[in-house]
Amino acid sequence: MKFPFFQSPVKAADGHEGGPVDPTEVPKMGGQVLPGAGEAPRGESLLTPSTDEGAHSRAPTVTAPNFPAGPTKIAARDVSVFYGDKQALFDVSLDIPDKTVTAFIGPSGCGKSTFLRTMNRMNDTIPGCKVTGRIEMDGGDINAKAIDPVLLRAQVGMVFQKPNPFPKTIYENVAYGPRIHGLTSNKGELDGIVEASLKRAGLWDEVADRLHSAGTGLSGGQQQRLVIARAIAVNPEVILMDEPCSALDPIATAKIEELIDELRERFCIVIVTHSMAQAARVSQRTAFFHMGRLVEHGNTEEIFTNPRERRTLDYITGRFG
Ligand SMILES: Nc1ncnc2c1ncn2[C@@H]1O[C@H](COP(=O)(O)OP(=O)(O)OP(=O)(O)O)[C@@H](O)[C@H]1O
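Residues numbered from 1 in each chain as written. Predicted model: local features only at pLDDT ≥ 70, side-chain atom pairs only at ≥ 80, totals over all residues.

Taken together, six strands build an open sheet; the order of strands is β8-β9-β10-β5-β11-β12 and the sheet is mixed. Each edge of the sheet is formed by a strand with only one pairing partner; in this case those strands are β8 (156-159) and β12 (293-299). If you compare each strand with its neighbour and ignore which way they point, the axes differ by 15° on average. Across four bridges, strand β5 (residues 101-105) lies against strand β11 (residues 285-290) in parallel orientation. Bridge assignment links A103 to a residue of β11, and that residue is T286. (Pairing = 2+ DSSP bridges. Helix = DSSP H or I, 4+ residues; strand = E, 2+ residues; numbered from the N terminus. Axes fitted to C-alpha atoms, helices over the stretch in contact; angles between N-to-C directions.)

This part takes up the site of the ligand. The local shell around the ligand consists of Y83, A88, G106, S108, G109, C110, G111, K112, S113, T114 and I126. The element that contributes the greatest number of residues to the shell around the ligand is helix α2 (residues 112-118), accounting for three residues. When grouped by side-chain class, the residues that make up the shell around the ligand number four nonpolar, six polar and one charged. (Near = placed C-beta within 6 Å. Nonpolar A, V, L, I, M, F, W, Y, C, P; charged D, E, K, R; others polar.)

For helix α5 (residues 187-200), which comprises 14 residues, the first-to-last C-alpha distance of 20 Å matches the rise-based estimate of 20 Å (1.5 Å per residue) to within 8%. Phi for G202, located one or two positions after α5, is positive at around 70°. (Expected span 1.5 Å × (residues − 1).)

Reading across the sheet, the four strands line up as β4-β3-β6-β7 and stay open at both edges, with antiparallel pairing between neighbours. At either end of the open sheet lies a strand with only one pairing partner, and these are β4 (86-97) and β7 (140-141). Here two bridges tie strand β6 (residues 129-137) to β7, and the two strands are oriented antiparallel to one another. When the sheet's bridge partners are listed, E136 is paired in β7 with D141.

A few words now on the UniProt feature "domain: ABC transporter" (unreviewed entry) in the protein chain. Under the UniProt annotation, the feature "domain: ABC transporter" (unreviewed entry) is placed at residues 74-316. The span residues 74-316 is 37% helix and 27% strand, and its two end C-alpha atoms sit 26 Å from each other. (UniProt positions renumbered as here; feature names shortened; annotations may be inferred.)

Bridge count for strand β3 (residues 72-83) against β6 is eight bridges, and the pairing is antiparallel. When the bridges of β6 are listed, A76 appears paired with I135. Between β6 and β7, which pair antiparallel in sequence order, lie two residues; one of them, D138, sits at a positive phi of approximately 50°.

Take R200: it is sitting in helix α5. A C-alpha to C-alpha distance of 8.2 Å links R200 and L259, two positions 59 residues apart in sequence.

Before going further, it helps to spend a moment on the environment of K255. Inspection of the secondary structure assignment puts K255 in helix α8 (residues 250-263). Using a count of 19 C-beta atoms within 10 Å as the deciding quantity, one classes K255 as partly exposed. In the structure, K255 is positioned 25 residues away from R230 in sequence and 17 Å away in space, judged by C-alpha atoms. (Buried ≥ 20, exposed ≤ 12 C-beta atoms within 10 Å, placed from the backbone.)

Looking now at the packing of helix α7 (residues 220-232) against α8. Remark: α7 packs on α8, axes separated minimally by 9 Å, with the N-to-C direction vectors making an angle of 20°. Relative to α8, the element α7 lies roughly parallel. Seen along the crossing, α7 lies across α8 with a hand that is right-handed. Note on element contacts: α8 touches α7 through A252, K255, I256 and L259, opposite G220, G221, Q224, R225 and I228. Within the contact of α7 with α8, the residues separate by chemical class into four nonpolar, three polar and two charged. (Parallel < 35°, antiparallel > 145°, perpendicular 65-115°, else oblique. Left-handed = near helix turned anticlockwise from the far one by under 90°. Contact = placed C-beta atoms within 7 Å.)

Looking at the protein chain, pLDDT values average 82 and 78% of them are 70 or higher. Here residues 1-68 scores under 50 on pLDDT; set against residues more than four positions off or in separate chains, the count is 111 contacts. Here the prediction assigns the complex a pTM of 0.80, and the interface score ipTM is 0.98. (pLDDT = per-residue confidence, 0-100.)

Another point: the packing of helix α4 (residues 170-180) against α7. The description of two helices packed together rests on the angle between their axes and the distance between the axes. Interhelical geometry of α4 versus α7 gives an angle of 30° and a closest axis separation of 7 Å. With respect to their mutual orientation, α4 and α7 come out roughly parallel. With respect to the hand of their crossing, α4 and α7 are arranged in right-handed fashion. Contacts between α4 and α7 pair I170, N173, V174 and G177 from the former with L226, A229 and R230 from the latter. Split by residue class, the contact of α4 with α7 holds four nonpolar, two polar and one charged.

Another aspect to go through is the pairing of β5. Within β5, five of the five residues are buried, leaving the element largely enclosed by the surrounding structure. Along β5, one buried face is formed by V101, A103 and I105 and the opposite face, lined by T102 and F104, is buried too. Sheet topology places β5 next to strand β10 (residues 268-272); four bridges connect them, and they run parallel. Within β10, the residue paired with F104 across the bridge is V272.

Here is the structure:
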C-alpha cells in the first residue's frame, strides 16, 4: 500500500502552507545546510547531557529549527488523544522527516507512547481511546476511512519495549508477514526475504543454522532483533520503537543502537526513550514532551546543547523526570 502523493491541506510546522514535499529540498538556516538535513552525519560524537548549568550559557547560540530535517514522512497537526474523559495529549503538531531517527523524550506519563501509537493507529485497539487532529503520511490521511489499519501497521511497523516474537520458529516469525500480505508466492522468494531481513537486522550470522528453532529461545537482544527483522520483512516505510532497549543489557543495547543507525538509511525511524544518552547517540531529531504537550523539537544536538525552553533544559540536565 502506498499513499497517494497529493497536495496537503495542512500547514507545515513552521507555519507555511503545506504542499507536495520536494524531496530534493534541503532545509537551510542562515545559508548553511543544517546538520541532520537529508543524509545526516554518521558516527557523531556522543552528546552527553551536562549537569552543569554553565554549559547551557556557554553553548553556541543556535536557534533550533522547527521544520523537518529532510522530506517530511509523517505530519501531525493538532493531535489530541483522550482515554475516556482524560486528555493525555494536547494539540501536538510535528513533522517527522524520512531517513532520520527522531527521538521522543520526556518524563514518565508525558504522552510519548500515546503519540507514537497515533502514527500507526495502535490507539484504535485501546477501548475508550479517541484521537482528534490530523496525521498524514506522504500527504495521505492515515485516519481516512479507506485506510486499512492492518496494512497501515505493516507499513508503519512497531517494536515494543519487551521483545514479542511469535511462539513460532525464527523462520516463521519473519516469513509470517510477507506471507499474509501476499508479498511472495514461492518458497524460494520467501527464503530470500527471510534471509535478507535477518541480515538487515544483524541477526543472520547468529541464527542461520537454527532457523527452525523457536524464536522465543533466543536471548532478549536477539529476540528484539528478530522482531525488527519481522517488521522489516514486509517492506515498511516507518519503524516506531517504544523503548526498544529498556529490557536489554548494555551489549544488546549497543547492537540495537548500531542497527538503528544502519536502518536509518532506508527507513523513517521514531524512538521513544528514557535515556538521554541514547537519544543523543541514535537520533538526529529530538522532540521533548511534558504533561501531554510537545514543548520543543529540533536537531538533537541543538536540543541537547541549547534548548529554547527552560523545561527542556531542566529535564535533560536531570532536574526532574
Ligand atoms: N490505555 C490507557 N488507558 C488510560 N490511560 C492511559 C492509557 N495509556 C496511557 N494512559 C495515560 O496517558 C498518559 C500518557 O501515557 P503514555 O504511556 O503515553 O506516557 P509516556 O510518556 O509514554 O510514559 P512512560 O515513559 O512512562 O512510558 C498517562 O497519564 C497515562 O496514565
